[in-house]
Every structure is written in C-alpha cells, then in structure tokens.
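Each chain is listed here by its residues.
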Amino acid sequence: MSPTDAAIVICPRCAAANRVPQGRLTQHPTCGKCKAPLFTGQPVNATLAAFDRHVGKGTLPVLVDFWAEWCGPCKMMAPAFASAAQALEPSVRLLKVDTEREQALAARYGIRSIPTMILFSGGREVDRISGALDARRIAAWAQRP
C-alpha cells in the first residue's frame, strides 16, 4: 500500500468505520463520527459484535488475546499485551476477548487453552499461539512476515 491508500480503521469507542490515508495513521487520527482517538495505545475489550466489526470490516491486521478472568497466566500476560499495543499501533489493532463472556466466539475459533492469541489479516486467521509471552515476543510474533 502506498502512503495515499486508505485504511479502514474501526473506532474503538463507537465502532464506526473510518477511512484514513496510510500516511496519516501515525498522526493521531480521530473518529469522524464520535471524535474519539482511533488509537489509544491500549487493547480494545471486544464483544462479539466489536470483534466481527474490527476483523471483518477493518483493513488493519488484528491481534486478539483470548483470555479469562480466572486464568493466572492470562492475568500475568495482560500488562505485556497492553505494552505490545503501544508498540504495534497503528499498524496492528489489538483486541482482548473474554472467553467467559464471549463463549460463542471462543467456540467459533476452537479456543481450548488460554491465553491464546490469534492474528487476523484480511478477515482471516493467519496464525495463532498459546501461552503467555512478554511484550517483546508478542510484538515480534505479530510483526513477522
């Protein structure tokens, strides 16, 4: 993509689709509908509807952390995943999906162990990894070709 090609970025607050030129992704774009920042440096807590919107309508790669509140390794990895969001945005959108609240979504992707991260591109799963990782390893894994 050239710097003038547009990315479709889903607003983390209102879920509106925003067309943002590639060259402007790093210039703190805001949502055309609700005026919220499109990138906050934090993962987005996603419901089923928000997940489908980010993965299905957005054009950025999406890294999803499937986790649960009762999971010790998930809690241990949460700060690392948040730190990875700061490193990866705006080239990758990071979502967190609570498998207890979104059981249908966890079942759709066959989540058997948590934490599990899945990388989506073009609306399709391209890779997955299970187990807690540190921020550096999360970012390296998400950025590899």
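Rules of the game
Residues numbered from 1 in each chain as written. Predicted model: local features only at pLDDT ≥ 70, side-chain atom pairs only at ≥ 80, totals over all residues. Heavy atoms only, no water. Buried < 20%, exposed > 50% of the residue type's maximum accessible area, 1.4 Å probe, protein only. Helix = DSSP H or I, 4+ residues; strand = E, 2+ residues; numbered from the N terminus. Pairing = 2+ DSSP bridges. Arc of directions from axis to C-beta. Contact = heavy atoms within 4.5 Å. Phe/Tyr/Trp six-rings, centres within 6.5 Å; stacked < 30°, edge-to-face > 60°.

## Some thoughts on the pairing of strand E5 (residues 93-98)
With 6 of 6 residues buried, E5 is to be regarded as a mostly interior element. Burial along E5 is two-sided: the residues Arg 93, Leu 95 and Val 97 and Leu 94, Lys 96 and Asp 98 are all buried. Bridge analysis of strand E3 (residues 44-45) against E5 gives 2 bridges, and the strand direction is parallel. Looking at the pairing, Val 44 lines up with Leu 95 of E5. With 6 bridges connecting them, strand E4 (residues 62-67) and E5 associate as parallel partners. Within E5, the residue paired with Phe 66 across the bridge is Val 97.

## A closer look at helix H1 (residues 48-57)
Residues Ala 50, Phe 51, His 54 and Val 55 constitute the buried set of H1. Axial view of H1: buried residues confined to an arc of 115°, hence all on one face. Residues of H1 that are exposed and point over 90 degrees away from its buried face: Ala 49, Gly 56 and Lys 57. Contact partners of the buried residues in H1: strand E1 (6-10), E3, E4, E5, helix H3 (103-108) and strand E6 (116-121).

## Observations regarding the packing of aromatic side chains
Taken as a whole, this structure holds 4 aromatic pairs when the rule is applied. Plain terms: the ring middles of Phe 51 and Phe 120 are 5.5 Å apart, the flat faces sit at 80° to each other, and that makes the pair edge-to-face. Taken together, the residues span a long stretch of sequence, with Phe 51 in helix H1 and Phe 120 in strand E6 at a distance of 69 residues. Classification of Phe 120 as buried rests on a relative accessible area of 2%. Among the aromatic residues, those joined into a cluster by ring pairs are Phe 51, Phe 66, Tyr 109 and Phe 120.

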